[in-house]
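Overview (structure and organization)
Here is how the chains run, residue by residue.
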Amino acid sequence: MGDRIFGGLGLALAAFFIWQATQIQLSFISDPVGPRTFPIIIGVLLGLSSLAMILRPDAKPQWPPLGRLAEIGMAVAVLLIYAYALPQVGFVIATALTAAFLSWRLGTHPLQAILAGIATSLGIYVVFHLILGLSLAEGPLGF
Amino acid sequence: MDALSSLVDGFSVALSFQNLALAFVGCFLGTIIGALPGLGPSNGVAILIPLAFSLGLDPTAALILLTSVYYGAMYGGRISSILLNIPGDEPALMTTLDGYPMARQGRAGEALSLSGVASFVGAFFATWGLVFLAPQLVKVALLFGPAEYFALFALAFATLGGISSTNQAKAAFAAALGLGIAMIGVDGQTGVPRFSFGEVHLYDGIDFLVAIVGLFALSEGFIFLEHRGDRSGEGKHATVTMGRITPSWKMLRFTTPAMARSTVLGFIAGVLPGAGASLGSFLAYTAEKQISDKDGTFGKGDPRGVAAPEAGNNAAAGGALVPMLALGVPGSGTTAVLLAVLLALNITPGPLLFTQNPDVVWGLIAALFIGNIMLLAMNIPMVGMFARVLMIPPKFLMPIVAMISFVGIYGISGSTFDLVVMVIFGVLGWVLRKLDVPLVPVILGTLLGNLMEANLRRAMTISDGDWGVLFGSPLAIGLWTVAFVGFVLPIIVGKRLKKRIHMAKEEASSITD
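Since the model is a prediction, treat every value here as computed from it, not as a measurement.

1. Points about a nonpolar patch on the surface
Together, L11, V44, L48, L51 and L55 of chain A line one region of the surface with nonpolar side chains, adding up to about 440 Å² of accessible area. Per element, the largest residue contribution to the nonpolar patch is four residues, and it comes from helix α2 (residues 34-55) of chain A.

What follows is the structure, encoded as structure tokens:
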């Protein structure tokens, strides 16, 4: 994906944004400008800058090979699962697993990664929860 | 002197035990964050904001902690520049030019301590500049009405890409994207929901802290993952010999003129909109090279080449606080993040801050002085310890950073929805970085969008719908002119300037390699 495609996406986003802005309900009390105008100005700016990117694109960025891209996709999926699992499983277990996964994918030996995950999780738990008193997600086990 | 007596009051705030302890912790963490390649002042402060927030610190204390991190990170950036030839953050780039050659000559300790002193000089005098300049700027800012504020915000966006920006279309795109994100949620003036698609979670808008942590901290993690940590110092351990770890008086005397000149240049670069610390250190280094490089020693380990950029970038860091505190309009990425701190604490920055919350402002400024002295005291004897932090490989570090980001955001709201939004912003940040779209305007747009719109609508209500009011005063016209010039100038000179920064870097690496 180079600047041209990105600009195209930006243009589509701008059009959608402006269309949505015209759909904003008006309330019976209003100031001279109203809630629609400023978003429309922003949408126009978004569109113009996208157009400029299409017309004068920079050199293509270096995208990672497919394997790496899948790697990032996996990490995103794991982080999303982590977000949903936190309140269900509890902070310590969820964090240990997630940190271990990330560390493993960054090239740590699996066994070492598990240890790193547990250490990260417990470390954060001790510092932020026990010492600083921050509330972390509590699972059914209470931690 | 008005400013001086306020400063004395500030010291009485900052000298409490809690605030001193926070300044110490902030300086310590900041130096580590700055030293780690890939983690700079903006991500460092970004990760810590939600934490400071959920710890329930009062505004002054939170600001003291976070600005100490900011100053600390500016100090820390030089450590990996000198030891590994990898800048710990962007402003420290120029320090690699002479710092790394010095380290290879076995004078790493000297280079580190000298740059520590230079950082101190730059930051210390810049803080004095802040004390005297900010109240003057406040006097001007008190003349601003809503129309002038609207123009000022436009100026901030127009110049944020910076003079060295090569693609203004991308900077504008980023600003529009940020402003668009700010529009999500219930309209403050009429109470109608906008861009919420019936999703109740979106009625409050997107929390800018979530956006900041996602864009800065998480996207950094994805970059690590993409390169599997190969771009940082792994396998290239700091094996250089330290040598003596205090600079000799002779060397300090030798480099004093360089530090003095660079401090002035850096401070000016920091105050000006859109310049920031990177340009400060670049200007300081090139100016010093022009003035002092008579025997061609620059780039080969000249101590003045270490002192100049370090004094320059730390002075710029202090200078950048002037517009942020006095006008509420930040001049650089990290100050944009600090602005987020103020907004999160329900403090509206700008001229009224000085009259309504003098304890916050002057306590903060006093804390900067204290932090500076702490940093100097910490950095010279403990530099070996900080250098050891560089040995932590990213494969352990990155997961920790990611997990702490989650902890901070979860601590604020306890909502899974916010965590998901943060991950989305992380991916967005990664894509934008790959495409060379600057992230700071996105953040600034998200932060200032609602304020900017409110000022526009207030101006229009006063003028009863006449758009001419936006250009209705000489002050407003002046601001619009600066905004226009600031946006167009980089299109003309940006490519050349960037090339020169690049050339300076390449020239140096061809010498060291």
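2. Brief notes about unusual backbone geometry
Residue and element names in this part refer to chain B. You will see that D436, though not glycine, has its phi angle at about 65°, which is positive. You can see D436 is positioned in the loop between α18 (416-434) and α19 (440-463). Taking relative accessible area as the criterion, D436 reaches 60% and is therefore assigned exposed. One non-glycine residue, D464, lies in positive phi territory at about 60°. Mapped onto the secondary structure, D464 falls in the loop between α19 and α20 (474-512).

3. Digging into the interface of chain B and chain A
With 63 residues of chain B at the contact, the number on the chain A side is 70 residues. When chain B packs against chain A, close to 5,600 Å² is buried across both sides, 80% of that on carbon and sulfur atoms. Counting the surface chain B buries against chain A, the share from its top three residues, L225, R228 and M403 of chain B, is 12%. On the surface where chain B and chain A come into contact, there are two salt bridges. Among the salt bridges present, the one from D3 of chain A reaches K170 of chain B, with a minimum N-O distance of 2.8 Å.

4. With respect to the packing of aromatic side chains
All names here are of chain B. Tallying each qualifying case throughout the model produces 21 aromatic pairs over all chains. Consider the rings of W128 and F369, whose centres lie 4.9 Å apart with planes at 55°: the pair is tilted. Remark: F369 occurs in helix α15 (residues 358-379) and W128 occurs in helix α5 (residues 95-141); sequence separation between them is 241 residues. Ring geometry for Y149 and F153: centres 6.2 Å apart, planes at 40°, overall tilted. Here the residue Y149 and the residue F153 both occupy positions in helix α6 (residues 146-160), the gap between them amounting to four residues, near one helical turn. Accessibility assignment for this pair places Y149 and F153 in one class, buried.

5. Section: the pattern of salt bridges
Residues and elements named next belong to chain A. One pass over the full model with this rule turns up 13 salt bridges over all chains. Here E71 ties to R105 by a salt bridge, and the two come within 2.5 Å at their closest N and O atoms. One end of the pair, E71, is in helix α3 (residues 66-89); the other, R105, is in helix α4 (residues 91-105), and 34 residues separate them in sequence. A relative accessible area of 19% means that R105 is categorised as buried.

Parameters at a glance
- Residues numbered from 1 in each chain as written.
- Chains lettered and ligands numbered in written order.
- Predicted model: local features only at pLDDT ≥ 70, side-chain atom pairs only at ≥ 80, totals over all residues.
- Heavy atoms only, no water.
- Patch = residues over 30% accessible without salt bridge, like charges linked within 9 Å, V, L, I, M, F, W, Y side chains within 5 Å.
- Areas by Shrake-Rupley, 256 points an atom, 1.4 Å probe, with all protein chains shown as cover.
- Salt bridge = Lys/Arg side-chain N within 4 Å of Asp/Glu carboxyl O.
- Helix = DSSP H or I, 4+ residues; strand = E, 2+ residues; numbered from the N terminus.
- Buried < 20%, exposed > 50% of the residue type's maximum accessible area, 1.4 Å probe, protein only.
- Contact = heavy atoms within 4.5 Å.
- Buried area = accessible area lost by both parts, 1.4 Å probe.
- Phe/Tyr/Trp six-rings, centres within 6.5 Å; stacked < 30°, edge-to-face > 60°.

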